Amino acid sequence: MKNQILRCKCTDMSVDGLGICKVDKLVVFVKGMIVDEVADVKIIAEKKNYSIGIIDKLIEKSKYRIESDCPVSYKCGGCDFRYIDYDYQLILKKNILDNTFKDYKVKEFIKDDNPYYYRNKVQIPLKDNKMGFYRKFSNDIVEFDDCLIESKQANSIIFDLKQLLSNTQKQYIRHVLIKHSLKTNEIMIGFIVKSFDIVLDDVVSKLVNKYPNIKSIILNLNDKVTNVILGDKEKILYGNDYIYDEYDGIKVKISLKSFYQVNYNQMLKLYKLVKDLANLNSDMTVLDLYCGIGTISLYLSRYVKEVIGVEIVEQAIRNAKDNAIINNISNARFILADARKDMDLYLENKDLVVLDPPRKGISEQLINSLKKSNIKKIIYVSCNPATLNRDLKLLEDTYNIGEIHPVDLFPFTVHSECVVTLDRR
Ligand SMILES: C[S@@+](CC[C@H](N)C(=O)[O-])C[C@H]1O[C@@H](n2cnc3c(N)ncnc32)[C@H](O)[C@@H]1O
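Bear in mind that the values here come from a model prediction, so they are computed numbers and not experimental data.

A. Looking closely at the overall build of the chain. Within the chain, the secondary structure is distributed over 10 helices and 23 strands. Whereas a compact globule of 425 residues would reach a radius of gyration of roughly 22 Å, the chain reaches 23 Å, a difference of no more than 12%. If one aligns the C-alpha atoms of the chain with their principal axes, the spans along those axes are about 65 × 60 × 35 Å. Split into buried and exposed, the 425 residues of the chain put 43% on the buried side. Within the chain, counting contacts between residues at least 6 apart in sequence, those at least 24 apart form 61% of the total.

B. Summary view of the nonpolar core. In terms of nonpolar packing, the biggest core is built from 114 residues, with Val176, Ile189 and Val354 touching the most fellow members. Per element, the largest residue contribution to this core is 6 residues, and it comes from strand E11 (residues 187–193).

C. Inspection of unusual backbone geometry at higher detail. The phi angle at Tyr290 is positive, at roughly 65 degrees, despite the residue not being glycine. If you trace the backbone, Tyr290 turns up in the loop between strand E16 (285–289) and helix H6 (295–301). Positive phi, normally seen in glycine, also occurs at Asn349, with a value near 60 degrees.

D. The arrangement of the sheet that holds strand E10 (residues 173–180) in detail. Here 6 strands make up an open sheet; going across it, the order is E7-E6-E10-E11-E12-E13 and the pairing mixed. Each edge of the open sheet carries a strand with a single partner, namely strand E7 (130–131) and strand E13 (233–239). Bridging between strand E12 (residues 214–221) and E13 involves 6 bridges; their strand directions are antiparallel. Bridge assignment links Ser216 to a residue of E13, and that residue is Gly239. Across the sheet, helix H2 (residues 152–164) is in contact with strand E6 (121–127), E7, E10 and E11; its angle to E10 comes to roughly 150 degrees.

E. Quick peek at the pairing of strand E19 (residues 352–355). Residues Leu352 and Val354 point to one face of E19 and Val353 and Leu355 to the other, with burial holding for every one of them. With 4 bridges connecting them, E16 and E19 associate as parallel partners. Paired with Leu289 across the bridge in E19 is Leu355. When E19 meets strand E20 (residues 377–382), the two strands line up parallel, connected through 4 bridges. Within E20, the residue paired with Leu352 across the bridge is Lys377.

F. Expanded view of the site of the ligand. Neighbouring residues of the ligand: 20 residues in total, closest Phe259, Tyr290, Gly292, Ile312 and Ala339. The residue makeup of the shell around the ligand, split by class, is 13 nonpolar, 3 polar and 4 charged.

G. Focus on the pairing of E6. Along E6, the buried face is formed by Val122, Ile124 and Leu126; none of Lys121, Gln123, Pro125 and Lys127, which line the opposite face, is buried. With 5 bridges joining them, E6 and E10 adopt antiparallel strand pairing. Bridge pairing links Gln123 to Leu177 in E10. Alignment of E6 against E7, held across 2 bridges, turns out to be antiparallel. Bridge pairing in E7 places Leu126 opposite Met131. In this structure, the hairpin formed by E6 and E7 is closed by a connection of 2 residues, where Asp128 is found at a positive phi of approximately 50 degrees.

How each quantity is defined
- Chains are numbered independently. Their residues run from 1 in the order of the written sequence.
- Where totals are concerned, whole chains, interfaces and linings use all residues; where local detail is concerned, this predicted model gives features only for residues with pLDDT of at least 70, and gives and counts side-chain atom pairs only at 80 or more.
- By the criteria applied, helices consist of DSSP H or I runs no shorter than four residues and strands consist of E runs no shorter than two, each listed in order from the N terminus.
- Put simply, the radius of gyration uses C-alpha atoms, and a globule should come to 2.2 Å times the residue count raised to 0.38.
- Buried means a residue has 20 or more other C-beta atoms within 10 Å of its own C-beta, exposed means 12 or fewer, and partly exposed covers the counts in between; C-beta atoms are placed from the backbone.
- Think of it this way: build a C-beta for each residue from its backbone, and any pair within 7 Å is a contact.
- The term nonpolar core means buried Ala, Val, Leu, Ile, Met, Phe, Trp, Tyr and Cys residues held together as one set by C-beta atoms within 7 Å.
- Pairing between strands is defined by DSSP: at least two bridges between the two strands are required.
- Geometry is summarised by axes, namely lines fitted to C-alpha atoms with helices restricted to the contacting stretch, and by angles between N-to-C directions that run from 0 to 180 degrees.
- We count a residue as near a molecule or strand when its backbone-placed C-beta atom lies within 6 Å of that partner.
- Any residue outside Ala, Val, Leu, Ile, Met, Phe, Trp, Tyr, Cys, Pro, Asp, Glu, Lys and Arg is labelled polar, Gly included; the first ten of those are nonpolar and the last four are charged.

Right under this line is the structure:
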C-alpha cells in the first residue's frame, strides 16, 4: 500500500540501478539502496507486479556505501551510484551484466582511473527559467553548480549562462548543448531554440571573451514537440560549425549533430580493445557500420588494407570524410546510408565488420544479411547490454560468441559499454 513502511533486505540491483528487495511475494525497487543493506522502506508507487520505494531509515548499511560528494545527487537523475565506492560500483555493474548475459561469460570491467569530470558532452534542458538535469523518472529540473561527471569548463559555462541569459532569452531555449574536447580544449556551445528570433549577441560576446577556447557557437532550431533534442536547421553565431579533438595522433572534426564518445580516456581504451580483439593484418578490408565521425575506421585504417564506414547522420559523415583528408588517410572511405536497411552489397568481400549501433541495437534485416554473408568475424560494440544480448542470441546459430568485455565509459552511472567478438562457425 502507498506510504506503507516495510522492512526490506536488498538482494540485487536492477538494470536501472535500483536496489531489489523481496518482501514475501512483493518485489520492491528501492532508489539508493545497495545489495545486503536492510532498511525501512516507504512505498511511493504501486504497479501491477511490483512497488517502488525510498529508504525511510537505513538499518544495516553496506560497507561500500560512501558519503555522496554531490549535494543534489539524491534527486538528480544524472548519477545512479554517487553513494557507492567506485570499485564496488564495478562489481555491481558486472553482476547486472552477468544477469543480462546469462549464456555468455562476462570479463572484469576495464575501469576508469580518473572517474571525475569525464563527460565531454553536456545537454542541459531549460524549463520555467531553470537550467539543470532531469530528476530521475521525471521532467522536473534539478539545478546544480558543480556536476562531478561533466567537464569542469562546461560546469563553469552553465553557471555563467544562468546569470547571463535573461528570462526572455531563456523562454526561447529548450536545451544548451556543450561539447568540450578534452585533448585540444576546444569548446562548442549549441543553443537549441524554439525560434531563430532569439537575440544572443550580448551573451555570445561575453562568453567568447571569458573563454577564448570557445571555437563554435551554434543556434539549432527545434520547433517540434518530440523527444528528439536537435532540429535540422542551424545558424552559426560564432566561429566554425565544428570543433577539433585529437586521439592517438588522429585529429578529428566534430559537428553539433555528430556522435563522439563522451569519455575521452575510456574511448582510447575501448578503441585499443577493438583493435586487439580484431587480429588485424594488412590484407584485410573492414566494414565499420554506425561509424559516426569515423573514429574507429581511422584508428583501424593504419593496420589494414581498407576501411569503409557507414553512417546515417549527414554532418557526421561529412566530418568523417574531412577527417580522412586532414589525417592524410587514403584507405578509409565513408558512405551515408542506413545500416538498418539493405547492407548486402556493403558486406561483400569484407573480412571484418565492426558494429557500434545506438541503444536500440541492430535490425533484423542486418542480422539476416550478416548470417547469409561470408563475414568471418564481427566485433560488436554496444552501450545497451539488453539489445546486445538480444542480437547475440539471434546471431549465435551462425557465429560463436566470445567473452563480453565491459568498459566503464560511464562511471557513477549504471550504464556499461560492452565489446564482444563473433567468429563464424
Ligand atoms: C554509438 S555511436 C558510434 C559511433 C562511432 N563508432 C564512435 O565510436 O564514435 C552510433 C552511431 O550510429 C549512427 N546511426 C544511428 N542509426 C543509424 C543507422 N540506422 N544507420 C547508420 N548509422 C546509424 C549514429 O548517428 C551514431 O553516429
